[in-house]
Amino acid sequence: MLAVRRASDGTLDLTVTLPFERYLEGIAEVPPTWPTAALQAQVIAARSYALATTGWNGPQGATLDTPICSTTSCQVFRGIPVTPTPGIRRWNAAVNATAGQVLQDGGRPIEAVYFSTSNGHTYGNDQVFGSAPLPYLRPVVEHDDGASPTSHWRATLPFPDLQRFLTRAQLWPAGERIGSVTRTGGSIVVTGGGTSRTIDVGTFDGAVNEWAPCLFPGRYPGPSRYGSALPTTVPSGWYAVSGTGGRAIVTGRGWGHGVGMVQWGAYGKARLGWSADRILGYYYGGLQPQPFPEPGLIHVRVATGLTSVSATPSAGGATVNGQHVSGSIVVRGGDQLQVSDPPATGSFEGSVAPIGPTLRARLIGRDWHPGCPVPIDQLRLVRVSYWTFTGDIRRGPLVVNERVADGVLWVFHRLFDARFPIHRIGLPPRYRPPRPSDWYNTRDLSAAFNCRPATGNPGTLSQHSYGWAIDVNPLENPYVGTDGKVLRRAAKHHLDRTRRAPGMIHPGDVVVRSFAAIGWSWGGDWQTIKDYMHFSLTGR
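Only a predicted model underlies this, so the values are computations on that prediction, with no experimental measurement involved.

Side note on the sheet that holds strand β10 (residues 187-192)
By definition, the strands of a sheet pair up through backbone hydrogen bonds, in either a parallel or an antiparallel sense.
(1) Moving on: Read across the sheet, three strands follow the order β9-β10-β11 without closing on themselves; strand pairing throughout is antiparallel. Lying at the two open borders of the sheet, with one neighbouring strand each, are β9 (180-184) and β11 (195-200). Across the sheet, the mean angle from the axis of one strand to that of its neighbour is 20°, orientation sign disregarded.
(2) Moving on: Where β10 lies against β11, six bridges are found, and the strand directions are antiparallel. Across the sheet, the residue bridging to Val-189 is Thr-198, located in β11.
(3) Moving on: Helix α6 (residues 201-215) contacts β9, β10 and β11 of the sheet and is inclined by roughly 100° relative to β11.

Next up, the structure:
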């Protein structure tokens, strides 16, 4: 259930209510491809943390009334993915295998805080948070998180860039050049042009991390030692600074607050053969998981401070002010909460044109090549407006045979007037033979001409090769083989054709009727296989 509430300042809060174990499945704190023991340790820590910080003390199955946030201020919740990510079944299996297991102290769930990567040891909660020392959050030595991209890192900050960051943060005079940067204990000393500023390390880090990606998004954060971008420009306060050659070189270790379980340390220990119980005991003072009553439902605050929210009903529409709504719903804040079903605010725009030089150069060698059954001069570019799943209007290109171009334009005009949602319209990618990794492909592109073999029949050309076939919303309308299996994992959710999710095509709906009006057939009517996305002039 999704709830939108008006705050006292007129902004909107967005809260989702879901079963507690489903909430844990939506936690996105570590990659689901990690070793099983590390995943199980993370699940138990996350379960314990959620129950402790919300003050849960109810009977099994009751609703947890206190909401929890979905950011790093609590623990990261990204929801149940509509298009599953690789390895997610392993994470879900870890949730199921540890159901009801909680770390406890004095009969209560503990605040099992955790962080990414250490600087060689962890810290006590009293050292970092200033709270009373807890026996299960004592410092431990860490030797096993070396695989982390942030176990050792380096950030280069040219003085002109650093000057801009600190000036924007009101920590350095505007126009004054920086000549040196050094660290003394918990402070950063910045000097230049007769000016000197001593800045607390946390304040310095905050200024750099806030303004660097804002002012130079292509430059910051810099790369990690593995080539991927660092999580922030300065990932932690555990670093040394040297100023040389007109730049500050920040060399450090770790990422996170430093208290509790080291996630990359758990990864390393799991690789060494440690069990989840042993990993948790090492970081949390010897505590071991024990059964504890779980709530049935939890409220997760997924967004705050919004001025408006646009939502599309997942199935069957919704009711607003007693009226049925099939399109998007807009909720606005302010002095009063306003809910409406906005009418279409744009008009359809469409055109048919010959293939120009720029598009021709793009098509040749990608979607068209010598030997294709239709000359490129007999293709046409049809540009159409369409509604997206979020209620926005976009325009996209469809390349089709000149014979069918006007009919295709008419069909998409009808779909636009009906506000049928399309994820994206565009040119298809270059064809390549299928491979196992395609099982994880989440592309949801509606496209037309593509000179390639037919799906499941490589010895025959697809009707797309002639420019008289179009695929519409391939994830919501999947290809299903004779064995009943879907072509891509992300589309399995839509195998149930009794569902009425946005973008799905059903017998007799506006999509099928519109294509039928120009003489095209639907692959959803085929007998041996089902190609719910596919419409063609020939019926093949």
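Now that the structure has been shown, the text picks up again.
A closer look at the state of the cysteines
(1) Moving on: Under the defined criterion, the tally for this structure stands at two disulfides.
(2) Moving on: Here Cys-69 engages in a disulfide with Cys-74; their sulfurs sit 2.1 Å apart. Where Cys-69 bonds to Cys-74 through sulfur, the torsion about that S-S bond is close to 125°, and the disulfide is right-handed.
(3) Moving on: What makes Cys-74 partly exposed here is its relative accessible area of 22%.
(4) Moving on: Between the sulfur atoms of Cys-372 and its disulfide partner Cys-451 the distance amounts to 2.3 Å. Residues Cys-372 and Cys-451 are joined through a disulfide that is left-handed, its torsion about the S-S bond being -125°. Of the two residues, Cys-372 sits in the loop between α9 (357-363) and β23 (379-387) while Cys-451 sits in the loop between α10 (405-417) and β25 (453-454), which places them 79 residues apart along the sequence.
(5) Moving on: According to the relative accessible area criterion, Cys-372 is buried, its value standing at 10%.
(6) Moving on: Residue class for Cys-451 comes out buried when judged on its relative accessible area of 7%.
(7) Moving on: In the protein, numbering the disulfide-bonded cysteines from first to last in sequence yields the connectivity 1-2, 3-4.

Calculation notes
- Residues numbered from 1 in each chain as written.
- Predicted model: local features only at pLDDT ≥ 70, side-chain atom pairs only at ≥ 80, totals over all residues.
- Heavy atoms only, no water.
- Pairing = 2+ DSSP bridges.
- Helix = DSSP H or I, 4+ residues; strand = E, 2+ residues; numbered from the N terminus.
- Axes fitted to C-alpha atoms, helices over the stretch in contact; angles between N-to-C directions.
- Contact = heavy atoms within 4.5 Å.
- Disulfide = S-S within 2.5 Å.
- Buried < 20%, exposed > 50% of the residue type's maximum accessible area, 1.4 Å probe, protein only.

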